[in-house]
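# A closer look at the structure
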Amino acid sequence: MSHEHLAPATVAVTAGRPERVQGGPVNPPVVLSSTYVSQGVPGPELLYTRSGTETWQPFEEALGRLEGAVLPGIVFGSGMAAVAAALSLVPDRGVLVVPRHAYQVSLGYADDLTARHGVEVRRVDIADTDQVVAAMDGADVALLESPTNPMLEVADLPVLLAAARERGVRTVVDNTFATPLGQNPLAHGADVVLHSVTKYLAGHSDVVLGALVTDDPELDAALRGYRTLHGAIAGPLEVWLALRGLRTLHLRVERAQQNAVELAGRLADHPAVAEVRHPSLPSDPGHERATRLMNGYGAILGLRPHGGAAAADALVAAVDLWVPATSLGGVESSLERRRRFATESPTVPEDLLRLSVGVEDVEDLWADLDRALRSL
Ligand SMILES: *Cc1c(COP(=O)(O)O)cnc(C)c1O
(Lines give C-alpha, C1' and ligand atoms only; values in the text may rest on other atoms or scores of the structure.)
Protein backbone atom coordinates (compact mmCIF):
# COMPACT_ATOMS: atom_id res chain seq x y z
CA MET A 1 0.00 0.00 0.00
CA SER A 2 1.33 3.45 -0.91
CA HIS A 3 1.85 5.77 2.05
CA GLU A 4 2.03 8.86 -0.15
CA HIS A 5 -1.52 10.10 0.30
CA LEU A 6 -2.43 9.25 3.85
CA ALA A 7 -4.25 11.95 5.85
CA PRO A 8 -2.19 13.78 8.50
CA ALA A 9 -4.03 12.00 11.35
CA THR A 10 -2.99 8.65 9.89
CA VAL A 11 0.59 9.83 9.35
CA ALA A 12 0.78 10.99 13.00
CA VAL A 13 -0.21 7.52 14.17
CA THR A 14 1.67 5.35 11.66
CA ALA A 15 4.88 7.13 10.59
CA GLY A 16 8.18 5.94 12.00
CA ARG A 17 6.98 2.50 13.13
CA PRO A 18 9.49 -0.36 13.03
CA GLU A 19 9.25 -2.84 10.19
CA ARG A 20 6.47 -5.39 10.80
CA VAL A 21 8.04 -8.70 11.75
CA GLN A 22 6.58 -11.53 13.78
CA GLY A 23 7.39 -10.86 17.44
CA GLY A 24 8.79 -7.39 16.73
CA PRO A 25 7.79 -4.32 18.75
CA VAL A 26 5.15 -1.90 17.40
CA ASN A 27 7.12 1.05 18.80
CA PRO A 28 10.73 1.93 18.02
CA PRO A 29 13.11 1.12 20.85
CA VAL A 30 15.09 3.74 22.76
CA VAL A 31 18.76 3.07 22.20
CA LEU A 32 21.00 4.48 24.91
CA SER A 33 24.47 4.22 23.48
CA SER A 34 26.90 7.05 22.88
CA THR A 35 28.86 5.08 20.30
CA TYR A 36 28.44 2.26 17.79
CA VAL A 37 30.72 -0.60 16.86
CA SER A 38 32.84 0.55 13.95
CA GLN A 39 36.30 0.21 12.46
CA GLY A 40 38.10 1.43 9.40
CA VAL A 41 36.85 4.22 7.16
CA PRO A 42 33.46 5.40 8.59
CA GLY A 43 30.53 4.76 6.25
CA PRO A 44 26.97 6.09 6.17
CA GLU A 45 25.95 3.87 9.11
CA LEU A 46 25.67 5.01 12.71
CA LEU A 47 29.00 5.95 14.29
CA TYR A 48 28.59 8.26 17.28
CA THR A 49 25.40 9.64 18.85
CA ARG A 50 26.21 13.35 18.42
CA SER A 51 26.05 12.83 14.65
CA GLY A 52 23.06 10.47 14.66
CA THR A 53 21.15 7.80 16.54
CA GLU A 54 18.35 5.46 15.48
CA THR A 55 16.15 6.91 18.24
CA TRP A 56 15.94 10.26 16.36
CA GLN A 57 15.00 8.70 13.03
CA PRO A 58 11.33 7.70 13.61
CA PHE A 59 10.47 11.16 14.98
CA GLU A 60 12.35 12.88 12.15
CA GLU A 61 10.56 10.75 9.58
CA ALA A 62 7.13 11.42 11.11
CA LEU A 63 7.70 15.19 11.32
CA GLY A 64 9.03 15.38 7.76
CA ARG A 65 5.97 13.53 6.47
CA LEU A 66 3.58 15.75 8.47
CA GLU A 67 5.19 18.84 6.91
CA GLY A 68 4.77 17.31 3.46
CA ALA A 69 8.54 17.02 2.98
CA VAL A 70 10.35 14.29 1.14
CA LEU A 71 13.32 14.53 3.50
CA PRO A 72 13.01 13.70 7.21
CA GLY A 73 13.08 16.52 9.76
CA ILE A 74 16.18 17.39 11.80
CA VAL A 75 15.69 17.24 15.58
CA PHE A 76 17.57 19.61 17.94
CA GLY A 77 17.99 19.87 21.71
CA SER A 78 15.55 22.83 21.89
CA GLY A 79 13.57 25.15 19.68
CA MET A 80 16.27 27.78 20.23
CA ALA A 81 18.98 25.36 19.05
CA ALA A 82 16.89 25.01 15.87
CA VAL A 83 16.62 28.82 15.61
CA ALA A 84 20.40 29.16 16.00
CA ALA A 85 20.99 26.53 13.31
CA ALA A 86 18.50 28.12 10.89
CA LEU A 87 19.92 31.61 11.44
CA SER A 88 23.42 30.31 10.72
CA LEU A 89 22.24 30.84 7.12
CA VAL A 90 22.67 34.61 7.66
CA PRO A 91 26.20 35.62 6.62
CA ASP A 92 28.37 37.97 8.70
CA ARG A 93 27.24 41.58 8.06
CA GLY A 94 24.23 40.16 6.22
CA VAL A 95 20.61 41.32 6.41
CA LEU A 96 17.89 39.49 8.35
CA VAL A 97 14.16 40.31 8.25
CA VAL A 98 12.18 39.39 11.38
CA PRO A 99 8.66 40.11 12.65
CA ARG A 100 8.53 42.90 15.26
CA HIS A 101 6.32 40.56 17.26
CA ALA A 102 7.68 37.03 17.42
CA TYR A 103 8.99 34.54 19.93
CA GLN A 104 11.01 36.94 22.09
CA VAL A 105 14.12 34.75 22.40
CA SER A 106 14.30 34.41 18.59
CA LEU A 107 14.33 38.23 18.45
CA GLY A 108 17.01 38.24 21.15
CA TYR A 109 19.05 35.85 19.01
CA ALA A 110 18.70 38.23 16.05
CA ASP A 111 20.03 41.08 18.23
CA ASP A 112 22.93 38.87 19.23
CA LEU A 113 23.74 38.36 15.54
CA THR A 114 23.89 42.15 15.21
CA ALA A 115 26.23 42.45 18.18
CA ARG A 116 28.58 39.63 17.25
CA HIS A 117 28.35 39.40 13.47
CA GLY A 118 27.29 42.88 12.34
CA VAL A 119 23.99 41.58 10.96
CA GLU A 120 21.41 44.23 10.03
CA VAL A 121 18.05 43.20 11.50
CA ARG A 122 14.92 44.66 9.89
CA ARG A 123 11.84 44.36 12.12
CA VAL A 124 8.54 44.35 10.25
CA ASP A 125 4.82 44.11 10.89
CA ILE A 126 4.25 40.63 9.49
CA ALA A 127 0.60 41.41 8.69
CA ASP A 128 1.66 44.34 6.45
CA THR A 129 2.58 42.47 3.27
CA ASP A 130 3.94 45.53 1.40
CA GLN A 131 6.19 46.44 4.34
CA VAL A 132 7.59 42.90 4.60
CA VAL A 133 8.21 42.63 0.85
CA ALA A 134 9.96 46.05 0.81
CA ALA A 135 12.21 44.93 3.69
CA MET A 136 13.21 41.84 1.70
CA ASP A 137 15.06 43.92 -0.91
CA GLY A 138 18.74 43.18 -0.38
CA ALA A 139 18.04 40.81 2.52
CA ASP A 140 19.72 37.42 2.95
CA VAL A 141 17.23 35.61 5.19
CA ALA A 142 13.66 36.24 6.39
CA LEU A 143 12.48 34.62 9.60
CA LEU A 144 8.68 34.48 9.38
CA GLU A 145 6.21 33.56 12.08
CA SER A 146 2.45 33.20 11.61
CA PRO A 147 0.38 33.46 13.67
CA THR A 148 2.85 35.54 15.69
CA ASN A 149 3.68 35.02 19.34
CA PRO A 150 2.01 36.62 21.29
CA MET A 151 0.00 39.04 19.08
CA LEU A 152 -1.53 36.40 16.77
CA GLU A 153 -0.96 38.47 13.64
CA VAL A 154 -1.49 36.37 10.51
CA ALA A 155 0.90 36.75 7.57
CA ASP A 156 0.04 36.20 3.91
CA LEU A 157 2.65 33.42 3.79
CA PRO A 158 2.20 32.33 0.13
CA VAL A 159 2.71 35.93 -1.09
CA LEU A 160 5.66 36.57 1.24
CA LEU A 161 7.36 33.28 0.33
CA ALA A 162 6.95 33.94 -3.40
CA ALA A 163 8.36 37.47 -2.99
CA ALA A 164 11.34 36.11 -1.05
CA ARG A 165 12.03 33.49 -3.72
CA GLU A 166 11.98 36.14 -6.49
CA ARG A 167 14.53 38.18 -4.53
CA GLY A 168 16.78 35.25 -3.62
CA VAL A 169 16.00 35.64 0.10
CA ARG A 170 16.13 32.42 2.10
CA THR A 171 13.07 31.85 4.28
CA VAL A 172 12.67 30.19 7.66
CA VAL A 173 9.07 29.82 8.88
CA ASP A 174 8.45 29.22 12.58
CA ASN A 175 5.40 26.92 12.41
CA THR A 176 5.16 26.27 16.16
CA PHE A 177 1.77 27.99 16.66
CA ALA A 178 -0.01 26.58 13.60
CA THR A 179 1.52 23.06 13.83
CA PRO A 180 1.95 20.96 10.64
CA LEU A 181 -1.81 20.31 10.80
CA GLY A 182 -2.59 24.02 10.46
CA GLN A 183 -0.27 24.89 7.57
CA ASN A 184 2.66 23.44 5.62
CA PRO A 185 4.94 26.34 4.60
CA LEU A 186 7.21 24.14 2.43
CA ALA A 187 4.28 23.72 0.04
CA HIS A 188 4.32 27.51 -0.49
CA GLY A 189 8.06 27.62 -1.13
CA ALA A 190 9.58 28.06 2.35
CA ASP A 191 13.20 26.92 2.52
CA VAL A 192 13.10 25.81 6.14
CA VAL A 193 10.27 25.15 8.61
CA LEU A 194 11.05 25.50 12.30
CA HIS A 195 9.31 23.98 15.33
CA SER A 196 9.64 24.27 19.03
CA VAL A 197 8.80 20.58 19.54
CA THR A 198 8.44 21.48 23.22
CA LYS A 199 4.98 22.87 22.41
CA TYR A 200 2.23 21.07 20.42
CA LEU A 201 4.31 18.35 18.77
CA ALA A 202 5.43 16.78 22.06
CA GLY A 203 2.36 18.29 23.71
CA HIS A 204 2.68 17.31 27.37
CA SER A 205 5.00 19.98 28.81
CA ASP A 206 7.56 17.33 29.70
CA VAL A 207 10.38 17.84 27.19
CA VAL A 208 12.32 20.71 25.57
CA LEU A 209 13.16 19.97 21.92
CA GLY A 210 13.25 21.67 18.54
CA ALA A 211 13.30 20.68 14.88
CA LEU A 212 13.86 21.96 11.36
CA VAL A 213 12.40 20.59 8.14
CA THR A 214 13.73 21.34 4.66
CA ASP A 215 13.37 19.71 1.28
CA ASP A 216 16.59 21.20 -0.10
CA PRO A 217 19.35 18.53 0.07
CA GLU A 218 22.10 21.17 0.37
CA LEU A 219 20.37 22.94 3.25
CA ASP A 220 19.64 19.58 4.87
CA ALA A 221 23.33 18.68 4.78
CA ALA A 222 24.35 22.13 6.06
CA LEU A 223 21.85 22.06 8.96
CA ARG A 224 22.73 18.51 9.95
CA GLY A 225 26.39 19.50 9.75
CA TYR A 226 25.68 22.50 12.01
CA ARG A 227 24.00 20.21 14.55
CA THR A 228 26.98 17.85 14.65
CA LEU A 229 29.51 20.68 14.79
CA HIS A 230 27.73 22.67 17.51
CA GLY A 231 26.56 19.64 19.48
CA ALA A 232 23.03 21.03 19.74
CA ILE A 233 21.57 17.56 20.03
CA ALA A 234 18.54 16.01 21.66
CA GLY A 235 18.67 13.11 24.11
CA PRO A 236 17.19 9.83 22.81
CA LEU A 237 14.68 9.55 25.68
CA GLU A 238 13.26 13.01 25.01
CA VAL A 239 12.86 12.31 21.32
CA TRP A 240 11.07 9.05 22.09
CA LEU A 241 8.67 10.98 24.35
CA ALA A 242 8.11 13.53 21.59
CA LEU A 243 7.19 10.74 19.16
CA ARG A 244 4.78 9.33 21.72
CA GLY A 245 3.22 12.80 22.04
CA LEU A 246 3.06 13.21 18.27
CA ARG A 247 0.83 10.12 17.98
CA THR A 248 -2.10 12.15 19.37
CA LEU A 249 -1.23 15.52 17.81
CA HIS A 250 -4.40 15.62 15.69
CA LEU A 251 -6.66 14.74 18.63
CA ARG A 252 -5.07 17.27 20.97
CA VAL A 253 -4.96 20.08 18.42
CA GLU A 254 -8.53 19.45 17.28
CA ARG A 255 -9.90 19.57 20.84
CA ALA A 256 -7.72 22.52 21.89
CA GLN A 257 -8.83 24.50 18.81
CA GLN A 258 -12.52 23.73 19.45
CA ASN A 259 -12.09 24.89 23.04
CA ALA A 260 -10.27 28.04 21.89
CA VAL A 261 -12.97 28.98 19.38
CA GLU A 262 -15.69 28.50 22.00
CA LEU A 263 -13.83 30.46 24.69
CA ALA A 264 -12.91 33.29 22.28
CA GLY A 265 -16.58 33.78 21.39
CA ARG A 266 -17.70 33.80 25.02
CA LEU A 267 -14.86 36.05 26.19
CA ALA A 268 -15.68 38.60 23.47
CA ASP A 269 -19.06 39.13 25.19
CA HIS A 270 -17.74 39.21 28.76
CA PRO A 271 -18.24 42.53 30.61
CA ALA A 272 -14.78 42.30 32.28
CA VAL A 273 -12.98 41.88 28.95
CA ALA A 274 -11.64 44.81 26.91
CA GLU A 275 -10.31 42.80 23.94
CA VAL A 276 -9.91 39.19 22.79
CA ARG A 277 -7.58 38.18 20.00
CA HIS A 278 -8.16 34.91 18.15
CA PRO A 279 -8.23 34.52 14.35
CA SER A 280 -11.53 32.61 14.62
CA LEU A 281 -13.38 35.81 15.57
CA PRO A 282 -14.89 37.49 12.49
CA SER A 283 -13.80 40.85 13.97
CA ASP A 284 -10.17 39.73 14.31
CA PRO A 285 -7.70 41.40 11.89
CA GLY A 286 -6.28 37.96 11.02
CA HIS A 287 -9.65 36.27 10.42
CA GLU A 288 -9.85 36.53 6.65
CA ARG A 289 -6.29 35.32 6.04
CA ALA A 290 -6.45 32.53 8.61
CA THR A 291 -9.72 31.30 7.10
CA ARG A 292 -8.18 31.32 3.63
CA LEU A 293 -4.70 30.01 4.45
CA MET A 294 -4.91 27.83 7.54
CA ASN A 295 -6.65 24.67 8.55
CA GLY A 296 -8.12 25.76 11.90
CA TYR A 297 -7.33 28.88 13.91
CA GLY A 298 -4.88 27.60 16.50
CA ALA A 299 -5.44 27.33 20.23
CA ILE A 300 -3.67 30.45 21.55
CA LEU A 301 -5.79 33.41 22.65
CA GLY A 302 -4.85 36.98 23.46
CA LEU A 303 -6.91 38.52 26.28
CA ARG A 304 -6.91 42.07 27.68
CA PRO A 305 -9.14 42.50 30.71
CA HIS A 306 -10.51 45.90 31.73
CA GLY A 307 -8.27 47.42 34.41
CA GLY A 308 -4.82 47.21 32.79
CA ALA A 309 -1.77 45.19 33.80
CA ALA A 310 -2.88 45.04 37.46
CA ALA A 311 -6.17 43.40 36.47
CA ALA A 312 -4.30 40.99 34.18
CA ASP A 313 -2.01 39.99 37.06
CA ALA A 314 -5.04 39.63 39.34
CA LEU A 315 -6.70 37.32 36.82
CA VAL A 316 -3.60 35.10 36.67
CA ALA A 317 -3.66 34.93 40.48
CA ALA A 318 -7.40 34.21 40.61
CA VAL A 319 -7.67 31.17 38.30
CA ASP A 320 -7.64 27.66 39.78
CA LEU A 321 -7.75 25.31 36.84
CA TRP A 322 -5.69 27.35 34.38
CA VAL A 323 -1.99 27.06 35.21
CA PRO A 324 -0.03 30.29 35.63
CA ALA A 325 3.06 29.46 33.58
CA THR A 326 5.02 30.39 30.50
CA SER A 327 5.18 28.08 27.47
CA LEU A 328 2.21 26.72 25.53
CA GLY A 329 0.89 23.78 23.56
CA GLY A 330 0.52 21.31 26.44
CA VAL A 331 -2.63 19.33 27.25
CA GLU A 332 -3.18 21.65 30.23
CA SER A 333 -4.49 25.18 29.80
CA SER A 334 -2.12 27.91 30.94
CA LEU A 335 -1.84 31.68 30.89
CA GLU A 336 0.61 34.50 31.51
CA ARG A 337 0.98 38.24 31.11
CA ARG A 338 3.67 38.57 28.49
CA ARG A 339 5.05 41.98 29.50
CA ARG A 340 6.07 40.55 32.88
CA PHE A 341 9.23 39.82 30.86
CA ALA A 342 11.30 42.98 30.44
CA THR A 343 12.53 41.54 27.12
CA GLU A 344 9.05 41.28 25.52
CA SER A 345 8.51 43.77 22.66
CA PRO A 346 7.40 47.19 23.99
CA THR A 347 4.62 47.28 21.35
CA VAL A 348 2.96 44.26 23.02
CA PRO A 349 0.29 45.79 25.33
CA GLU A 350 1.17 45.77 29.05
CA ASP A 351 -2.13 44.08 29.91
CA LEU A 352 -2.01 41.32 27.26
CA LEU A 353 -2.49 37.81 28.60
CA ARG A 354 -1.52 34.91 26.38
CA LEU A 355 -3.78 31.92 26.97
CA SER A 356 -2.72 28.47 25.79
CA VAL A 357 -5.97 26.54 25.59
CA GLY A 358 -5.64 22.86 26.45
CA VAL A 359 -7.82 19.80 26.02
CA GLU A 360 -9.85 19.90 29.25
CA ASP A 361 -13.64 20.12 29.25
CA VAL A 362 -14.53 23.54 27.86
CA GLU A 363 -17.26 24.18 30.46
CA ASP A 364 -14.77 23.70 33.29
CA LEU A 365 -12.29 26.03 31.58
CA TRP A 366 -15.02 28.63 31.08
CA ALA A 367 -16.35 28.39 34.63
CA ASP A 368 -12.87 29.01 36.05
CA LEU A 369 -12.14 31.97 33.75
CA ASP A 370 -15.59 33.49 34.19
CA ARG A 371 -15.34 33.27 38.00
CA ALA A 372 -11.84 34.80 37.96
CA LEU A 373 -12.93 37.60 35.61
CA ARG A 374 -15.95 38.43 37.81
CA SER A 375 -13.65 38.64 40.85
CA LEU A 376 -11.60 41.49 39.33
C1 LIG B 1 8.90 28.24 22.54
C2 LIG B 1 9.12 28.78 21.18
C3 LIG B 1 10.39 28.76 20.58
C4 LIG B 1 11.64 28.27 21.31
O5 LIG B 1 11.57 26.91 21.59
P6 LIG B 1 12.26 26.21 22.89
O7 LIG B 1 11.89 24.79 22.69
O8 LIG B 1 11.64 26.86 24.10
O9 LIG B 1 13.72 26.47 22.82
C10 LIG B 1 10.50 29.24 19.28
N11 LIG B 1 9.44 29.72 18.61
C12 LIG B 1 8.20 29.77 19.17
C13 LIG B 1 7.06 30.33 18.38
C14 LIG B 1 8.00 29.30 20.46
O15 LIG B 1 6.77 29.36 21.00
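The structure displayed is predicted, hence computed values, not measured ones.

## Some details on the UniProt feature "modified residue: N6-(pyridoxal phosphate)lysine" (unreviewed entry) in the protein
According to UniProt, the "modified residue: N6-(pyridoxal phosphate)lysine" (unreviewed entry) feature falls on K199. Looking at where K199 falls in the secondary structure, it is placed in the loop between β6 (192–196) and β7 (210–213). Using a relative accessible area of 10% as the deciding quantity, one classes K199 as buried. Leaving out residues up to four positions away in the same chain, K199 has contacts with Y103, T176, S327, L328 and G329.

## Some thoughts on the site of the ligand
Within the structure, the ligand sits among 13 residues, and M80, D174, S196, T198 and K199 are positioned closest to it. A distance of 2.9 Å is found between an oxygen atom of the ligand and a side-chain nitrogen or oxygen belonging to S196. Between the ligand and the protein, one listed contact pairs an oxygen atom with a side-chain N or O atom of T198 at 2.6 Å. Out of a free accessible area of 380 Å², the ligand has 92% covered by protein chains. Its residues assigned to classes, the shell around the ligand shows 5 nonpolar, 6 polar and 2 charged.

## Observations concerning the sheet that holds strand β1 (residues 74–76)
Strands sit in the order β1-β7-β6-β5-β4-β2-β3 across an open sheet of 7 strands; the sheet is mixed. If you trace the sheet from one side to the other, it starts and ends with β1 and β3 (120–124), each paired once. Neighbour-to-neighbour, the strand axes of this sheet turn through a mean angle of 20°, independent of strand direction. Across 5 bridges, the pairing between strand β4 (residues 141–145) and strand β5 (residues 170–174) is parallel. Within the sheet, the bridge partner assigned to E145 lies in β5 and is D174. Sheet contacts for helix α8 (residues 217–230): β1, β5, β6 and β7; angle to β1, the most-contacted strand, approximately 25°.

Cut-offs and rules
- Residues numbered from 1 in each chain as written.
- Predicted model: local features only at pLDDT ≥ 70, side-chain atom pairs only at ≥ 80, totals over all residues.
- Heavy atoms only, no water.
- UniProt positions renumbered as here; feature names shortened; annotations may be inferred.
- Helix = DSSP H or I, 4+ residues; strand = E, 2+ residues; numbered from the N terminus.
- Buried < 20%, exposed > 50% of the residue type's maximum accessible area, 1.4 Å probe, protein only.
- Contact = heavy atoms within 4.5 Å.
- Near = heavy atom within 4 Å.
- Polar contact = N/O pair within 3.5 Å; in protein donor to acceptor, adjacent residues only side chain to side chain.
- Areas by Shrake-Rupley, 256 points an atom, 1.4 Å probe, with all protein chains shown as cover.
- Nonpolar A, V, L, I, M, F, W, Y, C, P; charged D, E, K, R; others polar.
- Pairing = 2+ DSSP bridges.
- Axes fitted to C-alpha atoms, helices over the stretch in contact; angles between N-to-C directions.

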